[in-house]
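Secondary and tertiary structure notes
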Amino acid sequence: DVKVTQSSRYLVKRTGEKVFLECVQDMDHENMFWYRQDPGLGLRLIYFSYDVKMKEKGDIPEGYSVSREKKERFSLILESASTNQTSMYLCASNAPWDRGTDTQYFGPGTRLTVL
Amino acid sequence: RKEVEQDPGPFNVPEGATVAFNCTYSNSASQSFFWYRQDCRKEPKLLMSVYSSGNEDGRFTAQLNRASQYISLLIRDSKLSDSATYLCVVTGARGGGSNYKLTFGKGTLLTVNP
């Protein structure tokens, strides 16, 4: 059974703190993604990575950075958390399209509140 | 046109009803299409892929019209357990960075009532 795990389900941080969100997948997928989901705005792509040490900006990368040191792990970093980064953060992974499937598998999400 | 646009809903239907969701996409080079389902406070999960010829999985039927850049999902004989948000999802063109990205619609909330 495919599995994507995220380090925390709920997180509360203060403005200005550095925040790390961790994601691990056990499917040997090359591609990994970070999204945030907000009411009325849907899922928005923050960053993605298609290989170890590779990263590409998504649609809303401002205020975020990422790290992919190992194939199974993709970290999202909020360098200085702000209240407008309060959101649900979802990690996902998939295999490259040329393996015959683009299906993305999601982790359970981290609900981050920045006070 | 927005990249992926769905009926905003919400849809409230009685058990046993047939309900249809529509979705349009702007990138004519898109290659893969999906419907995901998201339960309240849960992560999205793949419901079904959408193929050019249309495909069916039990009570669910998905259709793709490339000429009109339109995708649909039909749910027949709806059950209480079908209550969820349904997300229309489209990939970028094959080849290049956009190949790896999915673009999600904002979702349509369905509530099936007893």
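Residues numbered from 1 in each chain as written. Chains lettered and ligands numbered in written order. Predicted model: local features only at pLDDT ≥ 70, side-chain atom pairs only at ≥ 80, totals over all residues. Heavy atoms only, no water.

1. As for the nonpolar core
Counting residues in each nonpolar core, the largest one holds 23 residues, and the members touching the most others are F21, W35, I71, L73, I75, Y86 and L110 of chain B. Counting only elements with at least two residues in this core, the list comes to strand 3 (19–25), strand 4 (33–38), strand 5 (45–50), strand 7 (60–65), strand 8 (70–75), strand 9 (84–91) and strand 11 (108–113) of chain B. Dropping the residues within four chain positions of it, L73 of chain B is found in contact with V19, A20, F21, W35, L47, M48, F60, T61 and Y86 of chain B. M32, Y47, Y89 and C91 of chain A belong to the second-largest nonpolar core, a separate cluster that totals 21 residues. (Core = buried A, V, L, I, M, F, W, Y, C linked by side-chain atoms within 4.5 Å. Buried < 20%, exposed > 50% of the residue type's maximum accessible area, 1.4 Å probe, protein only. Helix = DSSP H or I, 4+ residues; strand = E, 2+ residues; numbered from the N terminus. Contact = heavy atoms within 4.5 Å.)

2. Focus on the sheet that holds strand 1 (residues 4–6) of chain A
Residues and elements named next belong to chain A. Across the sheet, 4 strands lie side by side as 1-3-8-7; this open sheet has antiparallel pairing. The outermost strands of the open sheet, each flanked by one partner alone, are strand 1 and strand 7 (64–70). The mean inter-strand angle of the sheet, taken between neighbouring strand axes irrespective of direction, is 20°. The sheet contact formed by strand 1 and strand 3 (residues 19–25) spans 3 bridges and is antiparallel. Across the sheet, Q6 pairs through a bridge with C23, a residue of strand 3. (Pairing = 2+ DSSP bridges. Axes fitted to C-alpha atoms, helices over the stretch in contact; angles between N-to-C directions.)

Remember that the coordinates give geometry; whether it matters functionally is a separate question.
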